[in-house]
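Observations on chain architecture
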Amino acid sequence: MAEAEVEAAYIEARQVAERRTELEVAFDRARAEGDECGELRALQAAKDFDVAHPSRDPLFEQLHAAQLFGAQPVEGVAA
C-alpha cells in the first residue's frame, strides 16, 4: 500500500471517529436537556451512521440502550 493510501485511510478513520463522537455528544446533550426530539434526531443520525459505517459496535445500539436503560451520559460532556 502506498504511503498516500495509508495516509488517506488514516484521515478517513479519524473523520469517522470524530463524527461518531459528535453524534454521541449530541445525544448526551439532548438527554441532559430533556429534549426528546433531539434524542430521536440523534438516534436517527446514529442509524444512518451505522449504515454508512458498519462495525461490530453499532452506535445506534449504544445510544438506544442508554435511552432505554438510563445509562449515564458520556463523561466530560457538558449539558
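Each pair of packed helices can be described by the angle between their axes along with the distance between the axes. Interhelical geometry of helix H2 (residues 36-52) versus helix H3 (residues 59-69) gives an angle of 155° and a closest axis separation of 7 Å. It follows that H2 is roughly antiparallel to H3 by the angle criterion. Touching Glu39, Leu40, Ala42, Leu43, Ala46, Lys47, Phe49 and Asp50 of H2 are Leu59, Phe60, Leu63, His64 and Gln67, all from H3. Along the lines of polarity and charge, the residues of the contact of H2 with H3 split into eight nonpolar, two polar and three charged.

Time to look at the confidence of the model for the chain. Mean pLDDT for the chain: 89, with 87% of residues reaching 70 or above. Between the elements of the chain, mean pLDDT differs from a low of 92, seen in H3, to a high of 96, seen in H2.

If you walk through the whole model with that rule in mind, you get zero aromatic pairs. A cation sits over an aromatic face here: lysine 47 above phenylalanine 60, 5.1 Å from the ring centre.

The set of residues buried in H3 consists of Leu59, Leu63 and Ala66. Burial along H3 is one-sided: seen end-on, the buried residues are contained in an arc of 55°. Those residues of H3 that are exposed and aimed more than 90 degrees away from the buried face are Glu61, Leu68 and Phe69. Among the structural elements, helix H1 (3-33) and H2 are those in contact with the buried residues of H3.

Leu23, Phe27, Ala42, Leu43, Ala45, Ala46, Phe49, Leu59, Leu63 and Ala66 form the largest nonpolar core, which has ten residues in total. Of all the secondary structure elements, the ones that give two or more residues to this core are H1, H2 and H3.

What counts as what
- Residues numbered from 1 in each chain as written.
- Predicted model: local features only at pLDDT ≥ 70, side-chain atom pairs only at ≥ 80, totals over all residues.
- Heavy atoms only, no water.
- Axes fitted to C-alpha atoms, helices over the stretch in contact; angles between N-to-C directions.
- Helix = DSSP H or I, 4+ residues; strand = E, 2+ residues; numbered from the N terminus.
- Parallel < 35°, antiparallel > 145°, perpendicular 65-115°, else oblique.
- Contact = heavy atoms within 4.5 Å.
- Nonpolar A, V, L, I, M, F, W, Y, C, P; charged D, E, K, R; others polar.
- pLDDT = per-residue confidence, 0-100.
- Phe/Tyr/Trp six-rings, centres within 6.5 Å; stacked < 30°, edge-to-face > 60°.
- Lys NZ or Arg CZ within 6 Å of the ring centre and 35° of its normal.
- Buried < 20%, exposed > 50% of the residue type's maximum accessible area, 1.4 Å probe, protein only.
- Arc of directions from axis to C-beta.
- Core = buried A, V, L, I, M, F, W, Y, C linked by side-chain atoms within 4.5 Å.

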